[in-house]
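Architecture at a glance
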Amino acid sequence: MKKNATIVYTIKRSFVKSDISILEALEYNVFQIQSRPKKTFIPFIVNRIKEKIKSIFFVSRSKIVIIWFNDYHAFIPIIFSKLFLKKSVIIVGGYDAIVDKENRHGLFFKKGIRSTLAKINYSLANEIWVVHKSLDIGCSYAREKFNIISGIRSFLVNKKIVIKEISTGYDTRFWDYDNNNQKIGVLTAAYFSDERVINIKGLNIFNELASLLPDVPFTIVGESKIQIDNFINLNPNVNVIGVQTRTQMKQLYQNTKFYFQGSRLEGLPNSVCEAMLCGCIPIGSRVFGIPDIIGNTGLLFDTEKDLVQIKNFILSGLGEKESKQARKRIISKFNISKRIEKIKENID
């Protein structure tokens with residue numbers, strides 16, 4: 001007989017779909033509670049009512065409740081997990097474990113009901129799973145360079161909470177490397193929905209780098225709700241495109257030689273792992289999980305002063321050997337099979 005699990009989330013992104021598939025592969029029947037982010041009063045209240053009704057029916061029948069990210073949507077399912085004596089887990093991805101004062105970003109940036117509820121959620125959950133250890137203990141480099149406070153324990157009085165590092169995993173069969181493709185250019189991707197994301201993801205540095213390599217095509221993927229060129233005077237060799245499907249992203253990765261992640265804050269960025277699996281040679285800032293992803297298969301940089309070093313790296317004649325090394329690293333460290341085993345160990 002199948003066991004039941006409830007998964008709670010705001011937006012059904014690829015990592016949520018992946019965990020649903022993992023739970024199903026582990027012979028769980030998966031109930032889903034989705035609460036899309038709503039800021040206006042009536043839709044906000046409607047979300048909470050839906051969470052209550054679904055929690056009564058789903059959580060009561062489940063062995064475990066898994067919640068992607070900490071926020072308002074986590075509170076009611078956790079309360080019902082306590083009432084029904086069910087195990088509850090919050091998966092932390094980044095936003096819910098940082099404060100970036102410069103960009104007014106992070107779940108704990110403002111003191112109020114939202115941050116108070118978030119602390120209560122962390123205290124009540126049986127376990128917290130972080131996608132990278134820096135979201136537990138904090139990233140010292142981000143603190144020194146950007147004054148970013150990070151790590152769940154930085155925001156809680158109760159230090160005895162159970163925190164486990166369970167990295168995200170990637171389908172190495174889907175994200176594959178086609179060495180028949182001629183790979184050119186430099187790519188960066190995110191969901192660019194407001195001006196803050198431009199700074200958080202390091203687009204200014206990306207654009208400055210493009211100015212040093214006028215004959216190399218640079219691509220920004222994920223423009224949404226804003227026009228990036230309203231905030232940055234983009235160089236002629238920088239192309240901006242909107243949000244892409246999973247298959248479209250795969251094609252972009254396969255056709256691009258370098259993937260650039262210039263973030264000031266992250267957790268364990270999916271796009272870097274996916275790009276490396278598709279043979280992109282990685283270039284990334286030295287924050288949070290990025291160094292653990294890249295290792296010695298690409299280039300880690302410290303500041304915008306390193307742009308000449310990055311330029312020389314791009315022009316250094318790297319090729320198929322380096323692409324295969326990048327893919328091999330993700331297969332060895334972040335294969336989806338590793339996440340399946342970790343989840344199995346912690347829910348059975």
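In short, a report on the structure.

Quick notes on the rules
Residues numbered from 1 in each chain as written. Predicted model: local features only at pLDDT ≥ 70, side-chain atom pairs only at ≥ 80, totals over all residues. Heavy atoms only, no water. Helix = DSSP H or I, 4+ residues; strand = E, 2+ residues; numbered from the N terminus. Rg over C-alpha atoms; globule rule 2.2 N^0.38 Å. Contact = heavy atoms within 4.5 Å. Areas by Shrake-Rupley, 256 points an atom, 1.4 Å probe, with all protein chains shown as cover. Disulfide = S-S within 2.5 Å. Buried < 20%, exposed > 50% of the residue type's maximum accessible area, 1.4 Å probe, protein only. Pairing = 2+ DSSP bridges. Axes fitted to C-alpha atoms, helices over the stretch in contact; angles between N-to-C directions. Core = buried A, V, L, I, M, F, W, Y, C linked by side-chain atoms within 4.5 Å. Patch = residues over 30% accessible without salt bridge, like charges linked within 9 Å, V, L, I, M, F, W, Y side chains within 5 Å. Salt bridge = Lys/Arg side-chain N within 4 Å of Asp/Glu carboxyl O. Lys, Arg positive; Asp, Glu negative; His and termini not counted. Charge placed at Lys NZ, Arg CZ, Asp CG, Glu CD. Right-handed = clockwise from strand over helix to strand, strands pointing away. Parallel < 35°, antiparallel > 145°, perpendicular 65-115°, else oblique. Left-handed = near helix turned anticlockwise from the far one by under 90°.

Some words on the overall build of the protein chain
- Secondary structure summary: the protein chain contains 14 helices and 14 strands in total.
- For 348 residues, the compact-globule estimate of 2.2 N^0.38 gives 20 Å, and the protein chain sits close to it at 20 Å.
- Taken along the three principal axes of its C-alpha coordinates, the protein chain extends 60 × 45 × 35 Å.
- Counting contacts in the protein chain only where the partners sit at least 6 residues apart, residues at least 24 apart contribute 70% of the total.
- Within the structure as shown, the protein chain displays about 16,200 Å² of accessible surface, and the carbon and sulfur contribution to it stands at 51%.

Considering the state of the cysteines
- Under the definition given, this model contains zero disulfides.
- Left unpaired, Cys 273 is separated from the closest cysteine sulfur, that of Cys 278, by 11 Å.
- Cys 280 carries a free sulfur, and the closest cysteine sulfur to it, the one in Cys 278, is 6.7 Å from it.

Details of unusual backbone geometry
- One non-glycine residue, Glu 27, adopts positive backbone phi at about 65 degrees.
- With respect to the helices, strands and loops of the structure, Glu 27 is situated in the loop between α1 (14-25) and β2 (28-34).
- The backbone phi angle of Phe 69 is positive, close to 75 degrees, even though this residue is not glycine.
- As for its position among the elements, Phe 69 is in the loop between β3 (64-68) and α3 (72-83).
- By relative accessible area, which is 27% here, Phe 69 ends up partly exposed.

Here's the deal with the sheet that holds strand β13 (residues 281-285)
- Taken in spatial order, the six strands of this open sheet run β11-β10-β9-β12-β13-β14, and their pairing is parallel. Looking at strand neighbours, the two that pair on one side only are β11 (238-242) and β14 (299-301), the edges of this open sheet. Along the sheet, successive strands turn relative to each other by an average axial angle of 20 degrees, direction set aside.
- With five bridges joining them, strand β9 (residues 186-192) and strand β10 (residues 218-223) adopt parallel strand pairing. The partner of Ala 189 across the bridge, within β10, is Val 221.

Here's the deal with the environment of Ile 347
- Turning to its location among the elements, Ile 347 is positioned in helix α14 (residues 336-347).
- Residues in contact with Ile 347, not counting those within four places in the same chain, are Leu 23, Leu 26, Tyr 28, Lys 63, Ile 64 and Trp 129.

With respect to the nonpolar core
- Membership of the largest hydrophobic core comes to 84 residues, with the highest contact counts inside it found for Val 92, Ile 152, Tyr 253 and Phe 288.
- Aside from chain neighbours lying at most four places away, what touches Ile 152 is Val 92, Ala 97, Tyr 122, Ile 128, Val 130, Leu 135, Asp 136, Ile 161 and Ile 163.
- The next biggest cluster of nonpolar side chains, apart from the first, holds 30 residues, and it includes Val 186, Ala 210, Phe 260 and Ile 283.

Examining a positive patch on the surface
- Together, Arg 36, Lys 38, Lys 50 and Lys 54 make up a region of like positive charge exposed at the surface.
- The residue Lys 38 is located in the loop between β2 and α2 (41-58) in this model.
- According to the relative accessible area criterion, Lys 38 is partly exposed, its value standing at 40%.

Structural notes on the pairing of β3
- Counting buried positions over the five residues of β3 gives five, a clear majority of the element.
- Burial along β3 is two-sided: Ile 64, Ile 66 and Trp 68 facing one way and Val 65 and Ile 67 facing the other are all buried.
- Where β3 meets strand β4 (residues 87-92), five bridges bridge the pair, whose relative direction is parallel. The residue of β4 that forms the bridge with Val 65 is Ser 88.
- Remark: the β3/α3/β4 crossover connection has right-handed handedness.

Concerning the packing of helix α8 (residues 203-212) against helix α12 (residues 307-314)
- Packing of α8 against α12 brings their axes to within 10 Å, and their N-to-C directions diverge by 60 degrees. Classified by the angle their axes make, α8 and α12 are oblique. In terms of crossing hand, the pair formed by α8 and α12 is right-handed. Within the contact between the two elements, α8 uses Ile 205, Glu 208, Leu 209 and Leu 212 and α12 uses Leu 307, Val 308, Ile 310, Lys 311 and Ile 314.

What to know about α3
- The set of residues buried in α3 consists of His 73, Ala 74, Ile 76, Pro 77, Ile 78, Phe 80 and Ser 81.
- Taken together, the buried residues of α3 touch β1 (3-9), α2, β3, β4 and α4 (113-124).
- Following α3 by one or two positions, Leu 85 adopts a phi angle in the positive range, close to 60 degrees.

Quick look at a nonpolar patch on the surface
- The grouping of Phe 41, Ile 42, Ile 45, Val 46, Ile 49, Ile 53, Ile 56, Phe 57, Leu 83 and Phe 84 at the surface amounts to a nonpolar patch, some 970 Å² of accessible area in total.
- Considering every element that reaches the nonpolar patch, the biggest residue donor is α2, with eight residues.
- For Ile 49, the location among the structural elements is in helix α2.
- On the basis of relative accessibility, which here comes to 47%, the residue Ile 49 falls in the partly exposed class.

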